[in-house]
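Below, each chain spelled out in residue letters.
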Amino acid sequence: MRFNNKELAFLAQQTSSCYDKEGFLYIKQKNDKLFKKGEAFVERFFRLRGNLLFYFKGKDFKSDPQGVFVLERCTVELDVNEQQNFSFVIVFEGDEEIYTFSAKTEEDRDGWIQALHVASYECLKMQLQSLREQVQAKTGKDPMVHMMPSDTGMEFETQAAGSTDDPAMEISLEIEGLPNDSTGLPPNPFVVIYIIVPPQQQNWLQHNHTEMVEKNNNPHFLKTVGFGDSSGLEPTTRVKVTVYHVKERMTGTMTQIGQVIFTLNELLLCTDMKLKLCLMGTDNSKVGILTIVGWLNEGTGPVVDMQDSNEVFSDQARHTRPISFKRRSKRLDTLKPMCENITTRTFQFETNDAVKLMVYEYMAESKYTFEIPIKVLKLFIEEEKLRIKQLNDLGQLPRLLESHVAVDINYRAAIVMEYTDAVNILACYRGNSFKPSSKKGDKELEFVPINLHLQRMTVLNESTEACGCYDIVTVGSFAAHARKFRSGGLSRMLHQLQEHYTPEGTLSKVSKVKRACELVNNLHQLQIDIIKICDRVCHEALQGNADSLTIATSELAEKVKELVLDCASPILQSTANKLADIHEEFEALAEEKAKLKQGEKSPENDWKWTGSCFVKSPTVEPWDMTRVNTEAALVCLTSMVEDLVQNKSGTMDRPKWLGDISPAVIKLKSFVEIVCQKATHFMSFLDLMEHKDSLKLMHTIKCRRDVAFSHALTTLVTGFMLHMNSYVDNAAIMDQICNIGVLLEMEGLLSCHSDEVGMLEDMVVAMDDLSTVTFKLVHETAQKNSIELTTKSFKKAGLYPDLNRHHICVEIPMKKQHFEKLPQKLQSGSEVKVIPVFFNVGINEQATLAEKFGSTGLQDKSNEESLGRLHRYVEALEEVSTIKEHKVVGTIPELMQQLRYNMYTKKSKNVEILHLAAELCRKLHGIRMTCCKSAKDRTAMSVTLEQVQILQRDHDLASHVFSHSLDCFRSEGVRRENTFKNIGSRKYAFNSLQLLSFPKQYRPPNGTYGNVQN
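Everything numeric here is computed off the predicted structure, so don't read it as measured data.

Student: Help me out: how do you make sense of empty space enclosed by the protein in this one?
Tutor: Think of a ball as big as a water molecule: rolled over the atoms, this probe shows where empty space is left. Applying the stated criterion across every chain yields a total of seven cavities of 30 Å³ or more. In this structure, the largest cavity is lined by Val764, Met767, Asp768, Leu799, Pro836, Val837, Phe838, Ser862, Glu865, Ser866 and Arg869. Where the lining of the largest cavity is concerned, the elements lending two or more residues are helix H17 (755–769), strand E27 (832–840) and helix H21 (857–878). Among the elements that take part in the lining of the largest cavity, H21 stands out by supplying four residues, more than any other. For the lining of the largest cavity, a count of residues per class yields six nonpolar, two polar and three charged. Approximately 110 Å³ is the volume found for the second largest cavity. For the lining of the second largest cavity, a count of residues per class yields eight nonpolar, two polar and four charged.

Student: Just to check I follow, could you spell out the nonpolar core for this structure?
Tutor: Side chains of a nonpolar character, in soluble globular proteins, are inclined to be buried together. Leu713, Phe775 and Val810 are the most contacted members of the largest nonpolar core, which totals 152 residues. The element best represented in this core is helix H14 (residues 654–691), accounting for 16 residues. When residues no more than four places from it in sequence are discounted, the contact partners of Phe775 are Leu716, Val717, Phe720, Val810, Ile812, Ser830, Glu831, Val832 and Val834. Grouped together as the second largest cluster of nonpolar side chains are 54 residues, Val359, Met457, Val961 and Cys968 included.

Student: I would appreciate a short explanation of the sheet that holds strand E7 (residues 98–102) in the present structure.
Tutor: By definition, the strands of a sheet pair up through backbone hydrogen bonds, in either a parallel or an antiparallel sense. A sheet is described by the order of its strands in space; here seven strands give the open sequence E4-E3-E2-E1-E7-E6-E5, paired in antiparallel fashion. Sheet topology places strand E4 (67–70) and strand E5 (74–78) at the edges, where each strand pairs with a single neighbour. Adjacent strand axes in the sheet meet at a mean angle of 35°, parallel and antiparallel pairs treated alike. The sheet contact formed by strand E3 (residues 52–56) and E4 spans four bridges and is antiparallel. By the bridge assignment, Phe54 is partnered in E4 with Val68. The strands that helix H1 (residues 5–12) touches are strand E2 (38–49) and E3; relative to E3, the one it contacts most, it runs at about 80°. Contacts from helix H2 (residues 106–117) reach strand E1 (21–31), E2, E3, E5 and strand E6 (87–92), with the element oriented near 95° to E1.

What counts and what doesn't
Sequence order as written defines the numbering, with residues in each chain counted from 1. Given that this is a predicted model, residues contribute local features only at a pLDDT of at least 70 and side-chain atom pairs are listed and counted only at 80 or more, while totals for whole chains, interfaces and linings are drawn from all residues. With hydrogens and water excluded, all non-hydrogen atoms of the structure serve as input to the side-chain values. Buriedness of a pocket was judged along seven lines, with at least five required to meet protein on both sides within 12 Å; pockets are open sets of points on a 1 Å grid over the protein atoms alone, cavities are sets where a 1.4 Å probe fits but cannot get out, and lining residues have an atom within 4 Å of a point. Grid points are joined across faces, edges and corners, and a volume is the space filled by probe spheres set on the points. Numbering goes from the N terminus for both helices and strands, where a helix is a DSSP run of H or I of at least four residues and a strand is a run of E of at least two. Gly is placed with the polar residues, together with every amino acid not listed as nonpolar (Ala, Val, Leu, Ile, Met, Phe, Trp, Tyr, Cys and Pro) or charged (Asp, Glu, Lys and Arg). We define the nonpolar core as a collection of buried residues of types Ala, Val, Leu, Ile, Met, Phe, Trp, Tyr and Cys that are connected through side-chain atoms lying within 4.5 Å of one another. Throughout this description, buried means an accessible area under 20% of the type-specific maximum (1.4 Å probe, protein chains only), exposed means over 50%, and partly exposed covers the range between. Any two residues having at least one pair of non-hydrogen atoms within 4.5 Å are treated as being in contact. For two strands to count as paired, DSSP must find a minimum of two bridges between them. Lines fitted to C-alpha atoms define the axes, with helix axes restricted to the stretch in contact, and inter-axis angles between N-to-C directions lie between 0 and 180 degrees.

Shown next, in the form of structure tokens:
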């Protein structure tokens, strides 16, 4: 049990009138003296106060009591053994020891037994319930429905806590002249607001509360209190402001200092809506001056219009009473199309120039949390079905290979069934628009990201009216929690798989799978380029422009030659030859069997059309022949163009030009398509050969990777939608996104120890996979009004190549007024690239263990790779002329240099890396994200710290309120609500020992954390 010695001693040493009963009793105690061992009754002076029974050696109360009994879960009985006259015993539940007491008289004994019987909280509770039932029987109403709880803890369930609307009116509170506490030290003030709206309500309701200010007689509270909503404000509302002194923040123990009551009418009628009132103590004495400053938010409208039946003001007062309006940012309205269940908080901070900063904090659930995983799963199902078809199309293979194909198809069929079930479950899901951290191991919801929320902070300077808006996406780690981490995470498992791969050459370190992915991607990119140039050739022919037609044809020839050169790649040629040899061998055997059974067949029946020529079987056409046919089609087209240009005389016959060229163009396109199809066919055979001995591991990795990618893509789409909504009106930023892509910066707080190593390994691969995602912005129509996902021809290459999965394009519909503001390139269908970077620094006690006894190599490697990507993005940014002149670029090189320095500085838990990366992301107009295991506790510390750093850096937050502001965000901001939504408790899941290992700026204030069930 936790208790405070000084507080208990103080309770025991009051005057006699403070106690329910006191007097001398004998208590049976053990005697540990050398010559008097055993048990004996000794006389002690006892004092009973509530459920605490103190005892002293004598009646000298200046000394501390010898002990105290907490009279809960115990029974008081007569002593059946009668060890001494007039004795009784106290027996505690679960305690084998019996405590024996005796009095001097029978009357004294009975008095003590009766007093002790009714001292416990349980007994009082039963009496209260009995009285409650009697009152309800007589009046027909429950007297405690709206009664304030007598508990003086700091956990308040307030009306305003779950509000998702902007308040119509807000007030800030300041107090002067609060008295010191009983120890002579300044109090820890904490204000609770109660309201009554007559005549509908008859009892005080808890409405809201402020943060606690430590050791201050003149506190200024940063958190504001709102009243009303978009539907209106009731001016007759009575408000009771109760000020408490928090004695012990960890347990929430506090005592009332004073209170005052006023109505909103009184505040509205004051000049500048500023009201000063005297705080009255429990003994009706003055204990301080409360200053209330109020304002109506923009868009609230006249207060009198909001009253249905209350005529409070006269006609003259309606026109003359002063009302203070403040412009509130409309950023909440921009969140509503993409979000649900928006939680809001308002604070008023101070700058170094004593100017007020209005800070609005929002937290919301994403509407895409379940929608995107369903669409992703449907794509994966189609990819598996396509892969099964490709395996079947390989034709006859040797018996051993046939068995591998059968096993592979069975695995893929099982995945199709599993993913189909997951789609059906998610489609039928009804509940919150987020997956709480308590369900992170839930197999049915494994494709849904954990605790995905959007957080926004808007800042308004009351003096300059300068406004800032800062978004961040918080989410749990992109990891397959339901699949556990016994074999590690994705990067470790992929490394094991890659050990089975065959190198491209004897001296090459590049595997065949990696080279195959790159080759297929190159061929498909060349196909796209060739198709575009072919269309241009036809267009120039129709226009009759000989010079432009010649240039286009020349460019087409270069691309086709490049395609043919890639077709001659050794890996493609060898795979094609190997598959052809297998088929020829089987066809030869089949031919011999047929001759023996049926005699000679007519030779003409063996020849079939492949799409480019006649062969004995469409699967055995030599790969060289396909390349030659493609080159021949190119020569045919270029010769035709040369003849048309050279033989031109007089007026050109444009339709004739187009008519002559079109068949040759169509033929070239068809040959190029055949080349790409065959290359894909050969690479599917290569994939089978490379994985035939590790099929189970390959499919295990694939499913795990799909889960992590689903989390990552859902989070990315959420962040991108928020990003576009914020910056669509900024032409410079739209040009940057169009030309070099959008930067995605993920901040990780995972440690390199225990299961979090596996999470980090999953995260690294999932973040890398996001580089295969592009966004296409389309005009919203009745047919295109939701996000759509489509697969592209490109395979996943890069650090973790995969021939089983393709790149994904996300189509985002935009309303006409927004779509027309986009750069012409984006309007024409150009896709937006994603440049993901992931910086991770562990901050908890497990990170300490990893640094001292383990390894942080995975973290360091990921950070270095992300630094390289970020450096390349900055270089690309500086090459864009429209962005080069932007004022923020001047500070970016300096920040990059600091980041590079910190990256290679060996320092324990170097969180400066995270701070610099976050600042760089904001200056580069990127998407900011933060994650830890469940995005609940460590994420809350990081997000709140970043918000205060932004206020200090960009809005001149007063340095003396930095710590107070940080504690205020963590104790009263939206992140406390996030913990409640996840685990049903408004406490961060830390303990005191854990926090000793945290960097100081990542530690929550006392009373906001504890051992909670996650």
